[in-house]
Amino acid sequence: MATATPNLLQPPNFTCVKSLSESSALTSIPSTYTFTTDPNQLLAFEPQHSIPIIDFSLLTSGDPDQRSRAIQDLDQACLEWGFFMLINHGVPESLMTGMIEACRGFFDLTEEEKREFQGTHVLSPIRCGTSFNARVDQILFWRDFLKVFVHPQFHSPSKPAGFSEVCLEYTQSIRKVVGELLRGISKSLGLEEWYIDKTMNMDSGLQILIANLYPPCPQPEYAMGLPPHSDHSFLTLLIQNGIGGLQVQHKGHWVDVNPIPNSILVNTGDHLEVLSNGKYKSILHRAVVNNKTTRISLAVSNGPSLDTVVEPAPELSQPSTYVGMTFKEYLELQQGNKLDGKTCLDRVRIKTM
Ligand code: OGA
Ligand code: NI
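Residues numbered from 1 in each chain as written. Chains lettered and ligands numbered in written order. Predicted model: local features only at pLDDT ≥ 70, side-chain atom pairs only at ≥ 80, totals over all residues. Heavy atoms only, no water.

Q: How would you explain the site of ligand 1 if you had to name every residue and give the values?
A: Lining the immediate environment of ligand 1, one finds Asn212, Tyr214, Leu226, His229, Asp231, Leu238, Leu246, His285, Ala287, Arg295, Ser297 and Ala299. For ligand 1, an oxygen atom lies 3.1 Å from a polar atom in the side chain of Asn212. One of the side-chain N or O atoms of Tyr214 is found 2.7 Å from an oxygen atom in ligand 1. Contact with the protein chains hides 94% of the accessible area of ligand 1, taken as 290 Å² for the molecule alone. A per-element tally of the shell around ligand 1 places strand S12 (residues 295-302) first, with three residues. For the shell around ligand 1, the per-class residue count stands at six nonpolar, four polar and two charged. (Near = heavy atom within 4 Å. Polar contact = N/O pair within 3.5 Å; in protein donor to acceptor, adjacent residues only side chain to side chain. Areas by Shrake-Rupley, 256 points an atom, 1.4 Å probe, with all protein chains shown as cover. Helix = DSSP H or I, 4+ residues; strand = E, 2+ residues; numbered from the N terminus. Nonpolar A, V, L, I, M, F, W, Y, C, P; charged D, E, K, R; others polar.)

Next up, the structure:
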């Protein structure tokens, strides 16, 4: 049975894990944060060499051979992993660092100041909080977050000073990169280059900045930053402050991601899985925590416009194995419930016996 969607958030009782972590007496985690009692559950492998690398400069190359080779690489990366590291993307390192520091500045605001940005609905354009969905999470996650809708309308918290400027510049640069990636992916699916752009109304596509803060945790082997999940949207682009914690699932194993410096981590989302009729599966990933340093990660999700119905492209092999649903409905379902693997995607999957 589907659980009722608690889209309306209750009035605040906002406690962030940052304050909890900073209370000096903390030597163990409160029991509400115990995700597992088996410390081996959060371990992962490190086959670093095999995570695909995509060279963005080849994808945008004027040389047709180079470009078509880059598109083949993109196809392989999406097929085999649903995850890759993007290099030579052209987003300045100073802008990436500036955005991370601006988000740190946001999390450093007092709880009182942050309360103003709590949001009332899962589709509130500015919303900060803790865990994933503290109203329904039975176990809390060791994570504070800020989510901001930056396109088609640009929103931004009014604090800290300078946040809005760097956020606009950063998310616009990411948007350009995503446009190019989606053109490459349209081609790698055998569709016309602008297919996703046009049919998914990317001109008014929803882009969300998600800043994650994972403060030091006294018992990282028992707590979880973000549980295994797939992302909504087509592509998520993620950067971090040099501290690891992201793990992706590959062929049934968890793999630690140690990014190439200055690269952008890209993962495929549920809506690319639907649009490609299951060819490019959205990747399961999770975030573990550590007991030494605060980790900040910034994910930017890139989806269609809210009222676009996402369904398998009729041009691709039939029969369709997913039903169409508007992006808005999907977002309300995913964001309004517990974050749990690919259970949201299962709701649009057509079961074949
Ligand atoms: C996310 C996410 C992973 C990380 O925000 O959806 O998966 O490493 N983040 O913070
Ligand atoms: Ni994610």
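Q: Go over the sheet that holds strand S9 (residues 253-256) with me, naming the residues and quoting the values.
A: The sheet built from four strands is open, its strands ordered S6-S11-S8-S9 with antiparallel pairing. Edge positions in the open sheet fall to strand S6 (226-229) and S9, since each of these has one partner strand only. On average, each strand axis in the sheet is tilted by 20 degrees relative to the strand beside it, whichever way the strands run. (Pairing = 2+ DSSP bridges. Axes fitted to C-alpha atoms, helices over the stretch in contact; angles between N-to-C directions.)

Q: Describe the packing of helix H3 (residues 64-80) against helix H6 (residues 163-188), listing the residues and the values that go with them.
A: Running from amino to carboxyl end, H3 crosses H6 at an angle of 85 degrees, the nearest separation of the two axes being 9 Å. Judged by the inter-axis angle, H3 sits roughly perpendicular to H6. In this structure, H3 contributes Arg67, Ile71, Leu74, Asp75 and Cys78 to the contact, and H6 contributes Glu180, Leu181, Arg183, Gly184, Ile185, Lys187 and Ser188. Across the contact of H3 with H6, the residue classes break down as five nonpolar, two polar and five charged. (Parallel < 35°, antiparallel > 145°, perpendicular 65-115°, else oblique. Contact = heavy atoms within 4.5 Å.)

Q: Now, about the sheet that holds S12: what can you tell me, with residues and values included?
A: Strands in a sheet are paired, the pairing made by backbone hydrogen bonds, and the direction either parallel or antiparallel. Spatially, eight strands are ordered S1-S2-S10-S7-S12-S5-S4-S3 in an open sheet, and the strand pairing comes out mixed. Only two strands of the sheet have a single partner each, and these edge strands are strand S1 (53-55) and strand S3 (126-130). Between one strand axis and the next, the sheet turns through 25 degrees on average, direction left out of account. For strand S2 (residues 83-87) and strand S10 (residues 264-268), the ladder comprises four bridges, and the chain directions are antiparallel. Bridging across to S10, Phe83 finds its partner in Asn267. Contacting S1, S2 and S10, H3 crosses the sheet at an angle of about 145 degrees to S2.

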